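# Per-entry structural report
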Amino acid sequence: MIFTISAVLLFGTGSYFAVRTKAAGAGAAIVLFLFGFFAAGTGAYEPITNVVKSTAQALTDLAN
């Protein structure tokens, strides 16, 4: 079964909860950065997208 979700939706939801719970760790900073990045679509889109895709693929491979 294939399940896809928009990166903006995923990191937007994570950002909402990070701000709502006043999280101040490295994980919250990464989530907030990625949300802003995917919402803006800057010139660094290609390398950051490749890192996110490879991380998602690695997590998928771990589940199998």
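So, here is what we can say about the structure in this document. For clarity, every value in this text was computed on a predicted model and none was experimentally measured. For every chain, the first residue of the written sequence is number 1, and numbering continues from 1 along that sequence. Only residues with pLDDT of 70 or above have their local features reported here, since the model is predicted, and side-chain atom pairs are shown and tallied only from 80 upward, although totals for entire chains, interfaces and linings are computed over all residues. For the side-chain quantities, the full set of heavy atoms in the structure was used; hydrogens and water were omitted.

## Brief notes about the environment of F37
Helical segments are the DSSP runs of H or I of at least four residues, strand segments are the runs of E of at least two, and each set is numbered from the N terminus. Counting through the fold element by element, F37 comes out in helix α2 (residues 26–40). Partly exposed describes any residue whose relative accessible area lies between the buried limit of under 20% and the exposed limit of over 50%, with all areas from a 1.4 Å probe on protein chains only and scaled to the type maximum. A relative accessible area of 4% places F37 in the buried class. Separated by 30 residues in the primary sequence, F37 and A7 place their C-alpha atoms 10.0 Å from one another.

## As for the nonpolar core
Buried residues of nine kinds, namely Ala, Val, Leu, Ile, Met, Phe, Trp, Tyr and Cys, make up a nonpolar core once their side-chain atoms join them within 4.5 Å. Core analysis: the largest hydrophobic core is formed by 5 residues, namely F11, L34, F37, F38 and I48. Looking at this core element by element, the count peaks at 3 residues for α2. Here, two residues are considered to be in contact whenever any of their heavy atoms come within 4.5 Å of each other. Not counting residues within four places of it along the chain, the set of residues in contact with F37 comprises T42, A44, Y45, I48 and T49.

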